Amino acid sequence: MLLAFVGTTHAQEVPVTGKVTDLKGAGLPGVSITVKGTTKGANSDMDGNYTISADKNGTLVFSFIGFTSKEVVIGNQSKIDVVLSDDVKALEEVVVVGYGTAKRKDVTGSVQSVTSKDFNSGINPNPLQAIQGRVAGLTITQPNGDPNTSPTVRLRGYTSLAGGSDPLYVVDGIIGVPIATISPTDIESMDVLKDASASAIYGSRAANGVIIITTKRGKSGRATVTFNNYVGVDVISNNLKLLDGPGYIAEVTRIKGESSLADSQRFPKDAQGNNYNTDWWDQISRKGVTNSHDLAISGGSPTFSYRGSINYTNRNGIIKNTGFDRMTGRINLDQKAMDNRLNIQYSLSYTNTNSDLTDGGILANATLFLPTLPVKNADGTNYEIPGAFDLNNPVAMQENEIFKREKNVLVGGVNMKYELFSGFTVGVNGAIKNDQEVNSQSRDRSVKAFQINNGLASRALATVNDKLLELTANYVKGFGDKGSNFSLLAGYSYQNIINDGFGANNTQFVASGLGYNNLGLGAGSLILPSTSYVSSYKNKTTLASFFGRGTLNVNEKYNLTGTLRYDGSSKFGANNKWGLFPSVAGGWTISDESFFPKSNAFNYLKLRASWGKTGNSEGLVPYQSLQLYGPTTSYYDGSINNFLPGYAITQNTNPNLKWEVVQQVNLGLDFQFVKGRFTGSIDVFNKKTQDMLYKYSVPADGVKYFTNFIWANVGSMRNKGIELSFGGAVIEKDNFNWTSRLVGSYIKNSIISLKSNDFDSGIVRFNAFGGRGLSNVYASILTPGLPLGSFNNVGHFVGFDDKGQMLLQGKDGGAPVTNPADAQVGFKDNPQPYMTGAWVNSFRFHKFDMSFQLRGVFGNKILNNLRSNLSIPGSILETNMLKSVSELPANFSTNALSSYWLENGTYVRLDNWQIGYNISLENKYLTNARIYLGGNNLFIITKYRGVDPELEVKGDLNNSTSAPNSLGLDATGIYPKTRSFQLGVNLTF
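(A) Here's a closer look at the overall build of the protein chain. Each helix and strand counted, the protein chain has eight helices and 50 strands in total. Expressed as a percentage of the 989 residues in the protein chain, the buried residues total 51%. Put simply, of all contacts in the protein chain between residues at least 6 apart along the chain, 69% involve residues at least 24 apart. Entry remark: accessible area of the protein chain is about 42,600 Å², with carbon and sulfur atoms responsible for 57%. Positive and negative side-chain charges of the protein chain, numbering 91 and 80 respectively, have mean locations separated by a distance of 4 Å.

Listed below in structure tokens is the structure:
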């Protein structure tokens, strides 16, 4: 009897497997699965799969932060798949803030998180593209289709002219990691710190916001292997509407007369006597193909876990001889020791990228070269037109140029935390980053476009060594019986960055095909001696910081946060190397008050308010506060019978050069509806940049100032805005779910001042409107009271006169004039959009899933300089033209800056889309499989007549001109945007 009883008990133990997913069908890692009433349990792996042994009469309890727990009776089931629903307790989820984490409900600053399951679908080799449109106030712009171009990022508008406007990237606690070197498949989450309270703990580099990236790490449980692969195809989504051969002949006949067609160089004929019709863009382009392979292995025990991954991406650009291949390897290790009081995280990554770079001259010549010309002569040589300055065969250029870049980035970090006693933890964070880059270029002497130098070859080497050490101490203490607590953080940070580089070039190569591997074969350095053949540099920046933060959370409804950071930088003057950056923020959970009406429809409301200051110096290169000497004019040395370079002061000293400071006020409201089914937030902010860094004009008197420029802190700029994020589960059914989210922002930017009692910027012109016959013509002047980049130096177009000249509104409302100098200027169209927004949707139907995102930009103007240069009838024999040349008078030959070339830049784009199918497998080794079809940029709705209205939006300082980079100006050399299609598979073993 006893033996029978024991045997029956063991017979009840059965293995149970399954998968835990969210409402979208995505696997949930780290879900706790326990047998109710026992201590037996397990965790789901990276893809939501689990295995557990339990009594078949038992009940499994599935629980995970942010989701409603679920209980399932085992019975005779050996496989139990569970779908967990979002819970209002999502407020308990942990978000990453500077030097720590916080529960969502306790956050007082403006922080928005995007987890990997919410990343954009499609081809996203850069992690920034994975969150484009997902975060209110975060503008991520991919200006063209060049695969080697990184997106431009602006958070809450333009912060600075010269101090830099890019946000700070922090990867696993390591500051300043190049984001392009991170594989998106390695990222667990990205937390965007938007206001001063959230970002002030990073002080000196947080003025433009902070993006904290947390990479995936191993979890306790059986080893899991994931393999992700996709193949993508890119095609040109839109190109310039250029004249083809017959169209060009027709326009030449209309404008210049039929006799012009007698020019046999511009209108040659083939052996059959027919005119040529060459599409030069078709000649230099191709279908771009992308291959991406990603393999990751993870697992571990309760005290040690690991995750290793390797990613290989090869992307061919749509322009021949452009693209890149990138190999990224990453190892993350986590170790616990000393009764789990000691936690150590190791991170090591290496990225090798080999790029074939774009030559804008090839793109420009593919636009300009005449469609009536053949690619080759009858003897196989390249067809050229001797003496034509603007006309060079783009195919010949492309086939005779090599332009490459190799980049290697090694990043290693160790983060140790030890709990000395309950609630008190000390930490050490150390990291080393080494970034090496080699750029190589050669142009063969046999090509007309490159004959001016008789060939050219160059190499440039650059290295960045970055060392970081941080010490922290953190104390957390709870009190009361309603979850009240307080925390104190103190720390010290030291960072040392050394930039080192060398470059060499040569010209006058005696033979073709010599390349750049032996620069000494060029005779330029002998025939035309110059100091420009070689260059080198080395500089160092040191940052030291002391920081602290205190938080107080009372009764889970009152929150207070205060931070203080004291930063010192070697970049600044002797009198102002240190800066103090404080912030304070408070939160009030109104819905927890007794007077708040209790309702399932409207169940959560929290008010946030913050104020703080952050510093900025990122755009300032080292040594700008020092008096520097360098070569100036040359002098004749009779002892050697030759000229030698003379040396003099090349930079004024400014011991008062200091931090650029951004002061920001933020008011936010978080809310939830229907028990957390719908969530949202509204933020209103006022962001002011003070002591703006800029290069100001001064009189070179030889006493106080020795050159005409000095770096100083003078101007100010403001950004005001509103941000909205709202969405949730529109439909929640067992077999069908639809979640949707709207994200939008309104930002108003304005220059406040550009001078002080000591310095005056003078008239700063930028947005150069270039073209044939135009010189020093600028569409924008920096003006207090107007947004950065306003087209306030543009005349108002009123028509054409009988001579084909543009008529502009005269000054003070006078009669129309043809001379721009006599026209009324002050046109104030804004290149900055007043509103940006996105609509994100995802669906799940049984085993199918689908997602798409629409993104829009509204209210901005674009000055189409490209159209103006390619719509001049009088120059039609010099270059090809756009079809729009037919809209202008035949005798129009002199271009003018006017509102005729201003266009509406509003657009709505289908950014990304994807359809997937999840395959359920009863396989011992392969536990999950998903196939999908997707892509990017399926369509765009816009009235803009250029290639694409999404232009470069840097707006920062161009060091070569001491004026801001172009903003809202569409010029030549545009690499076309692409439309992508993608087929992929995800496998889990």
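(B) Molecular detail of the environment of alanine 200. One can find alanine 200 in the loop between helix H2 (196-199) and strand E16 (210-215). Along the backbone, alanine 200 and glycine 615 are 415 residues apart, and their C-alpha atoms lie at a distance of 8.5 Å. Apart from residues no more than four positions distant in its own chain, alanine 200 is found in contact with Thr563, Arg565, Ser583, Lys613 and Thr614.

(C) Region of the structure containing the environment of lysine 577. Locating lysine 577 in the fold gives a position in the loop between strand E27 (558-569) and strand E28 (578-589). Among the residues examined, lysine 577 registers a relative accessible area of 31% and is labelled partly exposed. Sequence separation of lysine 577 and phenylalanine 479 is 98 residues, and the distance between their C-alpha atoms is 41 Å. Once you skip the residues sitting within four places of it in the chain, lysine 577 turns out to touch Asp567, Gly568, Ser569, Ser570, Phe572 and Trp659. Looking at lysine 577, its side chain comes within polar contact range of the main-chain oxygen of serine 570, at 3.5 Å.

(D) Representation of helix H5 (residues 360-368). For H5, the complete set of buried residues consists of Ile362, Leu363, Ala364, Asn365, Ala366 and Thr367. Where H5 is buried, its residues meet helix H4 (280-284), helix H6 (394-399) and strand E22 (401-421). A side-chain oxygen of the first residue of H5 lies 2.8 Å from the backbone nitrogen of glycine 361; this N-cap is aspartate 359.

(E) Spotlight on the sheet that holds strand E49 (residues 969-970). What the three strands build is an open sheet, ordered E43-E42-E49; its pairing is mixed. One side of each edge strand has no neighbouring strand; the edge strands of this open sheet are strand E43 (902-904) and E49. Pairing analysis gives two bridges linking strand E42 (residues 861-864) to E49, with the strands arranged parallel. Residue pairing across strands places asparagine 864 opposite aspartate 970, the latter belonging to E49.

(F) Seen up close, the pairing of E22. Sheet analysis places strand E21 (residues 342-356) next to E22, joined by 15 bridges and oriented antiparallel. Each bridged residue has a counterpart across the sheet, and for aspartate 356 the counterpart in E22 is lysine 404.

(G) Seen up close, the sheet that holds strand E3 (residues 41-43). The four strands lie next to each other as E3-E2-E5-E6, forming an open sheet whose pairing is antiparallel. With partners counted over all chains shown, the strands left at the sheet margins are E3 and strand E6 (70-73), one partner each. Across this sheet, the average inter-strand angle for adjacent strands is 20°, counted without regard to direction. With four bridges joining them, strand E5 (residues 59-63) and E6 adopt antiparallel strand pairing. Bridging across to E6, phenylalanine 62 finds its partner in lysine 70.

(H) Just empty space enclosed by the protein, in detail. By the definition in use, this model includes six cavities of 30 Å³ or more. Computed from the structure, the largest cavity encloses a volume of approximately 540 Å³. Thr139, Thr141, Pro833, Thr836 and Val857 are the residues nearest the centre of the largest cavity, which is lined by 37 residues in total. Mapped onto the lining of the largest cavity, the elements with two or more residues apiece are strand E11 (138-141), strand E35 (736-753), strand E40 (835-845), strand E41 (848-858) and E42. Residue composition of the lining of the largest cavity, grouped by class: 18 nonpolar, 14 polar and five charged. Estimated volume of the second largest cavity: approximately 70 Å³.

(I) Structural context of helix H3 (residues 245-256). With twelve residues, H3 ought to run about 16 Å at 1.5 Å a step, and its terminal C-alpha atoms sit 16 Å apart, in line with that. The N-cap of H3, judged by a side-chain oxygen 2.8 Å from the amide nitrogen of glycine 247 a few residues on, is aspartate 244.

(J) The arrangement of the pattern of salt bridges in detail. In total, this model carries 34 salt bridges according to the counting rule given. A salt bridge links aspartate 435 to lysine 407; its shortest N-O distance comes to 3.0 Å. One end of the pair, aspartate 435, is in strand E23 (residues 424-443); the other, lysine 407, is in strand E22, with 28 residues separating them in the sequence. When salt bridges that share partners are traced, they join Arg855, Arg909, Asp911, Asp948, Glu950 and Lys977 into one network.

(K) Representation of the packing of aromatic side chains in the model. The full count for this structure, using the stated rule, is 36 aromatic pairs. Here phenylalanine 572 and tryptophan 659 contribute two aromatic rings whose centre-to-centre distance is 4.7 Å and whose plane-to-plane angle is 50°, an arrangement assigned as tilted. Taken together, the positions of phenylalanine 572 in the loop between E27 and E28 and tryptophan 659 in the loop between strand E31 (642-651) and strand E32 (660-673) put the pair 87 residues apart, joining distant regions of the chain. Owing to a relative accessible area of 3%, tryptophan 659 belongs among the buried residues under this scheme. Cluster of aromatic residues (ring-pair linked, three or more members): Phe596, Phe602, Phe671, Phe673, Phe678 and Phe726.

What counts as what
- Along each chain, numbering runs from 1 in the same order as the chain's sequence is written.
- Per-residue local features of the predicted model are confined to residues with pLDDT of at least 70, and side-chain atom pairs are confined, for both listing and counting, to 80 or more; whole-chain, interface and lining totals are unaffected and use all residues.
- Values shown for side chains rest on all heavy atoms present in the structure; no hydrogens or waters enter the calculation.
- Strands are runs of DSSP state E lasting at least two residues, helices are runs of H or I lasting at least four, and both sets are numbered from the N terminus onward.
- Relative accessibility thresholds used throughout: buried, under 20% of the residue-type maximum; exposed, over 50%; partly exposed, between the two (1.4 Å probe, protein chains only).
- Here a residue-residue contact requires only that any non-hydrogen atoms of the pair lie within 4.5 Å.
- Surface exposure here means Shrake-Rupley accessible area, sampled with a 1.4 Å probe, where a residue is shielded only by the protein chains that are shown.
- In this tally Asp and Glu are treated as negative and Lys and Arg as positive; neither His nor the chain ends contributes.
- We put the charge of a Lys on NZ, of an Arg on CZ, of an Asp on CG and of a Glu on CD.
- Polar contact is the term for a pair of N or O atoms within 3.5 Å; when the atoms are in protein, one must be able to donate a hydrogen and the other to accept it, and sequence-neighboring residues count only if both atoms are side-chain atoms.
- Two strands make a pair as long as DSSP finds a minimum of two bridges between them.
- The axes used here are C-alpha line fits, helices contributing only the stretch in contact, and every angle between their N-to-C directions lies in the interval 0 to 180 degrees.
- Buriedness of a pocket was judged along seven lines, with at least five required to meet protein on both sides within 12 Å; pockets are open sets of points on a 1 Å grid over the protein atoms alone, cavities are sets where a 1.4 Å probe fits but cannot get out, and lining residues have an atom within 4 Å of a point.
- Grid points are joined across faces, edges and corners, and a volume is the space filled by probe spheres set on the points.
- Side-chain classes follow a simple rule in which Ala, Val, Leu, Ile, Met, Phe, Trp, Tyr, Cys and Pro form the nonpolar group, Asp, Glu, Lys and Arg form the charged group, and the remainder, Gly included, forms the polar group.
- By this rule, a helix spans an expected 1.5 Å times one less than how many residues it contains.
- Salt bridges are defined by distance alone: a side-chain nitrogen of Lys or Arg within 4 Å of a carboxyl oxygen of Asp or Glu.
- Centres within 6.5 Å make a pair out of two Phe, Tyr or Trp rings, where for Trp the six-membered ring is used; the pair is then stacked when the planes are under 30 degrees apart, edge-to-face when over 60, and tilted otherwise.

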